[in-house]
Amino acid sequence: RLAAAFQAFSLFVKAKEVPAAARCPAGGEAVRWRCCRQAFGELSGIHRHVALQHAGDIGHQQHQHQQQNQQQQAAAGPAAIPAAAAGSPAGHPAPAGSAQALHGHSGSRPEISCALPDTSHLSRDALTSKVGEVLLYYCYCEVKDPEKLCAWQKALCQHLHLTGKVRVASEGINGTVGGSKVATNLYIEVMLSQPLFKDVLCQADFKSSAGGAHCFPDLRVGVFKEIVPMGIDPKIVSYKETGIHLSPQEFHREVERYLSQASQGQSDTILLDCRNFYESKIGHFQGCLAPDIRKFSYFPSYVDENLELFKDKRVLMYCTGGIRCERGSAYLRSKAVCREVYQLKGGIHKYLEEFPDGFYRGKLFVFDDRYAICSNEDIISACRYCGTLWDQYKLCSSQHCRQLVLTCPSCCNKGLTACCPVCQEKELKVTSRASGQTLKEECECTRRRPRVPIEHVLQRTLDAGT
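The name given to the chain in an unreviewed UniProt entry is Thiosulfate sulfurtransferase/rhodanese-like domain-containing protein 2, with the source organism recorded as Chordeiles acutipennis.

Next up, the structure:
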């Protein structure tokens, strides 16, 4: 039935195509289909029109197609019965109005819908406006066909003129996308209507901040083993074994209690920042333990090397949007050393929405061209060269290096734009290297930072809350 429905719909749309030779000058380059004396330039527009206005015609064609198949199968025998088609025979996204075809189920999870929203009533300016926002979200769920979900995500983002990064895996989806307010609202609407995410993704799971498509250089959508790169197979450490989620209000009360006890030297709690050092450097919760690690994939090793630190402790974990805590808390729990493990639901993003002047001080690092967003006026970091309070990151000026550097305008004007003296010197030589040759990132910063720092338990206890 699904195959017949898709085929009937696809053939009807195909019949409405304007021949390439006739599109210009008669209809203009934008006109690709004509139906009921209307012109359509986008696939979603003709799909919606046909689904709404020609359901009867489609049903009639589908019935004819099914009768033909039954006659052929009766003549050829049982061996000739084909398997049900899983997608559009024409290779196009499924029609937006074909609800029966789009909401079928496969196994324990619903089938992936490939529908695109109708944007025919929207102007290009509304979809491409630079004034917009950046969305941050994730959804852990079982994905039977990551490649199909990836293809739909790419088509959806391109359709809405969104840029950003989307990671798809068998364990779910993780995305950061930017675009106009109209586009991001449509994106959320479509994501919430996706059968695959039904009952596991909700409006509150989308974190937003001022921005737009210009915050990312391009659109990158891909299939990975993990939706957040911790470096451990999701089958070994699953998001299903996560810690206890605390709402921003609950987390705020727990931090308040922790700081009060720590100031008296009585705390049995660790407030753990699961992010990288350059993130916590410009903003963090008061009294937190912020590992000096460069990548989240180092976090498991950090835990392994510091198990004594976590023994019999209550751990309050947090990260940017909550996703790293899902796997990080699961890993920490798998070690069976902590008394309790809690995590901030929605991450710092959601906390700052409710407590902009709470216990989080400084900026919130984000992985796009903005580098940081703020909710308060605090500056807790300094220029790498002169020590002036400064928290605006730039990429190291040495082309081989991908490290971020805090250098104030005054020092930048003096030519101090690299992360360290080694990179400053390499920058002078970089223009003379052979075309296409790449240099390994190796500088003073990387050499003096251990891959997995070991915390001194006693000193950390004494410093708690300061």
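So that's the structure; there's more coming.
J.: Sorry, what's going on with helix α13 (residues 323–334) here?
T.: Side chains three or four residues apart in an α-helix point the same way, a direct result of the helix having 3.6 residues per turn. Here α13 spans 17 Å end to end across 12 residues, near enough to the 16 Å set by a 1.5 Å rise per residue. A large share of α13 lies buried, amounting to 10 of its 12 residues. Among the residues of α13, those classed as buried are Ile323, Arg324, Cys325, Glu326, Arg327, Gly328, Ser329, Ala330, Tyr331 and Leu332. Two residues or fewer after α13 comes alanine 336, characterised by a positive phi angle close to 55°.

J.: Would you take a moment to explain the nonpolar core for this structure?
T.: Soluble, globular proteins show a tendency: their nonpolar side chains are buried together. Leu272, Phe299, Phe310, Met317 and Leu332 are the most contacted members of the largest nonpolar core, which totals 33 residues. Of all the secondary structure elements, the ones that give two or more residues to this core are β5 (132–140), β11 (269–273), α11 (299–305), α12 (307–310), β13 (314–318) and α13. The element that contributes the greatest number of residues to this core is α13, accounting for 5 residues. Both domain 2 (127–223) and domain 3 (244–374) contribute no fewer than three residues apiece to this core. Residues within four places of phenylalanine 299 in sequence aside, it is in contact with Leu272, Cys274, Ile293, Met317 and Gly328.

J.: Is there a simple way to think about the sheet that holds strand β8 (residues 207–211) in this case?
T.: Backbone-to-backbone hydrogen bonds join strands into a sheet, with any given pair of strands oriented parallel or antiparallel. The mixed open sheet is built from 5 strands, whose spatial order is β8-β5-β7-β6-β9. With partners counted over all chains shown, the strands left at the sheet margins are β8 and β9 (219–223), one partner each. Taken over all neighbouring pairs, the strand axes of this sheet differ in orientation by 10° on average, direction set aside. Across the sheet, α13 touches β5 and β7 (172–180), and the angle it forms with β5 is around 25°.

J.: Which parts of the structure should I look at to understand the packing of helix α7 (residues 146–159) against helix α8 (residues 181–193)?
T.: The angle between the axes and the distance between the axes are what describe a pair of packed helices. Where α7 contacts α8, the axes come no closer than 11 Å and their chain directions differ by 155°. Between α7 and α8, the crossing angle belongs to the class labelled roughly antiparallel. By crossing handedness, the relation of α7 to α8 is classed as right-handed. Facing Trp152, Gln153, Leu156 and Cys157 of α7, the residues of α8 in contact are Tyr187, Val190 and Met191. Considered class by class, the residues forming the contact of α7 with α8 number 6 nonpolar, 1 polar and no charged.

J.: Explain the pairing of β13 here, please?
T.: The side chains of a regular strand alternate between both faces of the sheet. Burial of β13 is extensive: 5 of the 5 residues sit out of reach of the surface. Residues Arg314, Leu316 and Tyr318 of β13 are buried on one face, and the alternating residues Val315 and Met317, pointing to the opposite face, are buried as well. In the classification by handedness, the crossover that spans β13, the intervening α13 and the parallel strand β14 (residues 340–344) is right-handed.

J.: What's the story with the packing of helix α9 (residues 248–262) against helix α14 (residues 347–354) in this structure? I'm lost.
T.: Contact geometry for α9 and α14: axes closest at 9 Å, N-to-C directions at 90°. With respect to each other, α9 and α14 are oriented roughly perpendicular. Along its contact with α9, which presents Pro248, Gln249 and His252, the element α14 presents Lys350, Tyr351 and Glu354. A breakdown of the residues in the contact of α9 with α14 according to their chemical character gives 2 nonpolar, 2 polar and 2 charged.

J.: Mind showing me how you'd approach the side chain of serine 209 here?
T.: Within the element layout of this structure, serine 209 appears in strand β8. Those residues in contact with serine 209, other than ones at most four positions away along the chain, are Glu133, Val134, His349, Arg370 and Ile373.

J.: Explain the sheet that holds strand β10 (residues 244–246) here, please?
T.: The sheet built from 4 strands is open, its strands ordered β10-β14-β13-β11 with parallel pairing. The sheet is open, and its two borders are formed by β10 and β11, each paired with just one other strand. The mean inter-strand angle of the sheet, taken between neighbouring strand axes irrespective of direction, is 25°. Alignment of β13 against β14, held across 4 bridges, turns out to be parallel. Counterpart to arginine 314 in the pairing with β14 is glutamate 340. α9 rests against β10, β11, β13 and β14 of the sheet, and its axis sits at about 130° to β13.

J.: What is the right way to look at the layout of surface pockets in this model?
T.: By rolling a water-sized probe across the atoms, one finds the places where empty space is left. A volume near 1400 Å³ is recorded for the largest pocket. Around the largest pocket, the lining comprises 44 residues; the ones closest to its centre are Lys165, Tyr278, Phe365, Phe367 and Asp368. Only β5, β6 (163–169), β7, β8, β9, α10 (277–280) and α13 provide two or more residues apiece to the lining of the largest pocket. The dominant element in the lining of the largest pocket, judged by the number of residues it contributes, is β5, at 4 residues. When residues of the lining of the largest pocket are sorted by domain, at least three fall in each of domain 2 (127–223) and domain 3 (244–374).

J.: Which parts of the structure should I look at to understand the confidence of the model for the chain?
T.: Low pLDDT marks regions whose predicted coordinates should not be analysed in detail. Averaged over every residue, the pLDDT of the chain is 83; residues scoring 70 or more account for 76%. The least confident element of the chain, judged by mean pLDDT, is helix α5 (residues 99–102) at 33; the most confident is β6 at 98. Low pLDDT, under 50, characterises residues 24–29; the stretch is placed with 6 contacts to residues that sit more than four places away or in other chains. Residue range residues 78–107 is modelled with pLDDT below 50. Its contacts to residues more than four positions away, or to other chains, number 47 contacts.

Basis of the calculations
- Residues numbered from 1 in each chain as written.
- Predicted model: local features only at pLDDT ≥ 70, side-chain atom pairs only at ≥ 80, totals over all residues.
- Heavy atoms only, no water.
- Helix = DSSP H or I, 4+ residues; strand = E, 2+ residues; numbered from the N terminus.
- Expected span 1.5 Å × (residues − 1).
- Buried < 20%, exposed > 50% of the residue type's maximum accessible area, 1.4 Å probe, protein only.
- Core = buried A, V, L, I, M, F, W, Y, C linked by side-chain atoms within 4.5 Å.
- Domains from an automatic or database assignment.
- Contact = heavy atoms within 4.5 Å.
- Pairing = 2+ DSSP bridges.
- Axes fitted to C-alpha atoms, helices over the stretch in contact; angles between N-to-C directions.
- Parallel < 35°, antiparallel > 145°, perpendicular 65-115°, else oblique.
- Left-handed = near helix turned anticlockwise from the far one by under 90°.
- Nonpolar A, V, L, I, M, F, W, Y, C, P; charged D, E, K, R; others polar.
- Right-handed = clockwise from strand over helix to strand, strands pointing away.
- 1 Å grid on protein atoms, 1.4 Å probe; cavity = no way out; pocket = protein on both sides within 12 Å on 5 of 7 lines; lining within 4 Å.
- Points joined across faces, edges and corners; volume = space filled by probe spheres on them.
- pLDDT = per-residue confidence, 0-100.

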